[in-house]
Amino acid sequence: TVHGSSVSGGEPLLQLVGEGSGAWKLAVRSSANVSGALIVNSDASQGNDIFADMSAKDGGGNTGWHFGSLIQVWTGGVNKDFCTAGNWDPAFMPGPTSRVTIVATDITLASPVTVENLALGDGVATASMTVNAALGVKDSLDVRGNATLTANKPIVVTNLFAVREGATVKHTSGSATQANKIDVYAGGAFLLERGGSVTASECGYSGNRNSTNAPHG
């Protein structure tokens, strides 16, 4: 994530500009959000597409960049509820056009929601998200290092579902019945990096305590 700022008149203070006649190359392997920057003559076509919000400026000559995206960052200013508008910057409930970034928190989704993209973790502090209602992701769901996704209810991802090194996907254990289970559909691809884990260990219920554990590596 790249964040700049703007001076009066809306001109970005952070400028990423290549020198010479050729484009400067940038290959992003996870999801990337950019705000408050001027981007000129950048070729990002060798990696994942890069999304820049409305505070960023397209200076021309850019490949693999998408400008004018709606990027929402979790602040947790009110509570731990994903659907509370005041927990986000900008302050409204994320929707189908939102690219959501959650770096470090303990957050719960209690009502069904669909977003464009969701990136969880990759910060110094631990990030965890518990999905207790249906979650739709129109692009990619990226669970990064130092993050835990507790997937209790169905998740549908249109493109990439990625579990990065140091990330965990699990579900909450039941009691006498199977109340929760990992149910994730990835329409594009599923990526499990070495050091990432998708596990149901110790997450059964009293009627059936058989457990499985599928770490990568």
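Residues numbered from 1 in each chain as written. Predicted model: local features only at pLDDT ≥ 70, side-chain atom pairs only at ≥ 80, totals over all residues. Heavy atoms only, no water.

Asker: Which residues make up the overall build of the chain, and what values do they have?
Answerer: Per the secondary structure count, the chain includes zero helices and 25 strands. Scored against the burial criterion, the 217 residues of the chain give a buried share of 41%. Once local pairs closer than 6 in sequence are excluded, the contacts in the chain between residues at least 24 apart make up 32%. Taken as a whole, the chain presents about 10,300 Å² of accessible surface, with 51% of it coming from carbon and sulfur. (Helix = DSSP H or I, 4+ residues; strand = E, 2+ residues; numbered from the N terminus. Buried < 20%, exposed > 50% of the residue type's maximum accessible area, 1.4 Å probe, protein only. Contact = heavy atoms within 4.5 Å. Areas by Shrake-Rupley, 256 points an atom, 1.4 Å probe, with all protein chains shown as cover.)

Asker: Quick rundown of the sheet that holds strand S19 (residues 155-157)? Include the residues and the values.
Answerer: Either a parallel or an antiparallel arrangement is found when strands of a sheet pair, and the pairing is made through backbone hydrogen bonds. The strand order across the open sheet formed by four strands is S13-S16-S19-S22, and the pairing between neighbours is parallel. The sheet is open, and its two borders are formed by strand S13 (113-115) and strand S22 (184-186), each paired with just one other strand. Taken over all neighbouring pairs, the strand axes of this sheet differ in orientation by 10° on average, direction set aside. The pairing of S13 with strand S16 (residues 135-137) spans three bridges and is parallel. Bridging from a neighbouring strand, Thr114 pairs with Gly136 of S16. (Pairing = 2+ DSSP bridges. Axes fitted to C-alpha atoms, helices over the stretch in contact; angles between N-to-C directions.)

Asker: How would you summarise the nonpolar core if you had to cite specific residues and measurements?
Answerer: Core analysis: the largest hydrophobic core is formed by 29 residues, its most contacted members being Phe82, Met129 and Leu149. Contacts of Met129, omitting those with residues within four sequence positions, involve Phe82, Ile102, Ile107, Leu109, Leu118, Leu120, Leu135, Thr148, Leu149 and Thr150. Ala32, Ala37, Ala44 and Ile50 belong to the second-largest nonpolar core, a separate cluster that totals ten residues. (Core = buried A, V, L, I, M, F, W, Y, C linked by side-chain atoms within 4.5 Å.)

Asker: I'd like a rundown of unusual backbone geometry, residues and numbers included.
Answerer: Note that the residue after Asp89, namely Pro90, is joined by a cis bond; omega there is 0°. Inspection of the secondary structure puts Pro90 in the loop between strand S10 (88-89) and strand S11 (98-102). Residues other than glycine seldom take positive phi values, yet Asn41 does so here, at roughly 60°. Residue placement: Asn41 occurs in the loop between strand S5 (37-40) and strand S6 (42-43). When its relative accessible area of 18% is taken as the criterion, Asn41 is described as buried. In this model, Asn146 sits at a positive phi of 65°, which is unusual for a non-glycine residue.

Interpretation note: all reported values are geometric properties and have no functional meaning in isolation.
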